[in-house]
Amino acid sequence: MSYDLDAARIAPLSGDAFYISDFISEDEEALLMQKVQSVPLPRWTHLSHRRLQTWPSALTKSNTLLSSPLPSWLTNPIIHRFKELGVFANAPHTTPNHVLVNEYQPGQGIMPHEDGAAYYPLVATVSLGAPIVLDIYEKDSHQLDAGADDSHGKPRFRILQERRSLLVMRGKLYTDFLHGIAESTRDEDLGPHSICNWDLLGEKAPYEGGWVVRETRTSLTYRDVLKVAKMGNTLKFLGGAK
Ligand SMILES: O=C(O)CCC(=O)C(=O)O
Ligand SMILES: [Fe+2]
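Residues numbered from 1 in each chain as written. Chains lettered and ligands numbered in written order. Predicted model: local features only at pLDDT ≥ 70, side-chain atom pairs only at ≥ 80, totals over all residues. Heavy atoms only, no water.

Peer 1: Would you take a moment to explain the site of ligand 1 for this structure?
Peer 2: Around ligand 1, the surrounding shell holds 13 residues, and the nearest of these are Asn102, Tyr104, His179, Arg217 and Ser219. Within the side chain of Ser219, one N or O atom sits 2.7 Å away from an oxygen atom of ligand 1. Broken down by class, the residue content of the shell around ligand 1 amounts to 4 nonpolar, 6 polar and 3 charged. (Near = heavy atom within 4 Å. Polar contact = N/O pair within 3.5 Å; in protein donor to acceptor, adjacent residues only side chain to side chain. Nonpolar A, V, L, I, M, F, W, Y, C, P; charged D, E, K, R; others polar.)

Peer 1: Whenever I open this one, the environment of Glu208 confuses me. Can you help?
Peer 2: Turning to its location among the elements, Glu208 is positioned in the loop between β12 (186–187) and β13 (212–213). When the C-alpha atoms of Glu208 and Leu190 are compared, they prove to be 7.3 Å apart, with 18 residues separating the residues in sequence. (Helix = DSSP H or I, 4+ residues; strand = E, 2+ residues; numbered from the N terminus.)

Peer 1: Sorry if this is basic, but what is going on with the sheet that holds strand β8 (residues 132–138) here?
Peer 2: In sheet architecture, strand pairing relies on hydrogen bonds along the backbone and comes in two forms, parallel and antiparallel. An order of β6-β11-β8-β9 is seen for the 4 strands of this open sheet, with the pairing classed as antiparallel. Among the strands making up the open sheet, the edge pair consists of β6 (110–113) and β9 (157–161). Between one strand and the next, the sheet's axes are offset by a mean angle of 20°, whatever the strand orientation. (Pairing = 2+ DSSP bridges. Axes fitted to C-alpha atoms, helices over the stretch in contact; angles between N-to-C directions.)

Peer 1: I tried to follow unusual backbone geometry on my own but got confused; where do I start?
Peer 2: Across residues other than glycine, the phi torsion is negative in most instances, and most of the peptide bonds are trans. Along the chain, Trp55 connects to Pro56 via a cis peptide bond; the corresponding omega equals -5°. Within the element layout of this structure, Pro56 appears in the loop between β3 (50–55) and β4 (64–66). Following Asn76, the chain continues into Pro77 via a peptide bond in cis, with omega recorded as 15°. In this structure, Pro77 sits in the loop between α3 (72–75) and α4 (78–85). Backbone geometry at Ser14 places phi at a positive 40°, although glycine is not the residue there. With respect to the helices and strands, the residue Ser14 is situated in the loop between α1 (3–6) and β1 (17–20). Its identity is not glycine, yet Asn63 carries a phi of approximately 60°, on the positive side.

Peer 1: When you look at the side chain of Gln161 in this model, what are you seeing that I'm missing?
Peer 2: Note on placement: Gln161 falls in strand β9. Taking the relative accessible area as the measure of exposure, Gln161 reaches 1% and is therefore buried. A distance of 3.4 Å separates a polar atom in the side chain of Gln161 from a polar atom in the side chain of Ser127. The residues touching Gln161, leaving out its near neighbours within four places in the chain, are Tyr19, Thr125, Ser127, Ala130, Pro131, Ile132, Leu134, Leu167 and Arg217. (Buried < 20%, exposed > 50% of the residue type's maximum accessible area, 1.4 Å probe, protein only. Contact = heavy atoms within 4.5 Å.)

This is the structure:
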């Protein structure tokens, strides 16, 4: 990874996570939010605790992406900036080919999970609209601590993602840990003792009281899907031409 990204290392996460505040400008954020909101309603998948857009399309059952360009609003300026920083330089396609857009209302979240083997083990997340805390759990301790009531153990790390920031997670953090977002209306117990990227925050003042109220937060999560079928092969997938 390039020098600039090295300066953004989240030290306690030993080279597997990077955080850059102010990765996009306020104007860029506003434009992205407008684009997210202006897609036709059927583009959204409604889940019980968030809603989601999948670009350019959902993977097939065999975790294959049917090759298709990402829309330009997801490419420019974000993927151009990834290239400057070398974010996906070591990924097989050297650039992301898939983006999930997640929207969380206050009280919504995502259960601890791993993103899995369909992707090269690197995810780059741009946050829009409001801050949120991402909790990181060790896989094993999570299993040990999880009770029959489906509760989760204490997070091993907590990352505060400001609006307009970039978070990159890769390597062991991707493969050996789970990540999730609490279904909460406030993020609490904030401070240098609990937030592992505290020193890298663009602005600490809003969190120095120790908590922040949730507002609607949108994430753009960029990944490289390993298996890609070129359009020439698409008919085979659809059960058409031999
Ligand atoms: O919204 C986020 O930052 C996390 C989303 C996530 O974990 C996922 O889409 O797999
Ligand atoms: Fe995830």
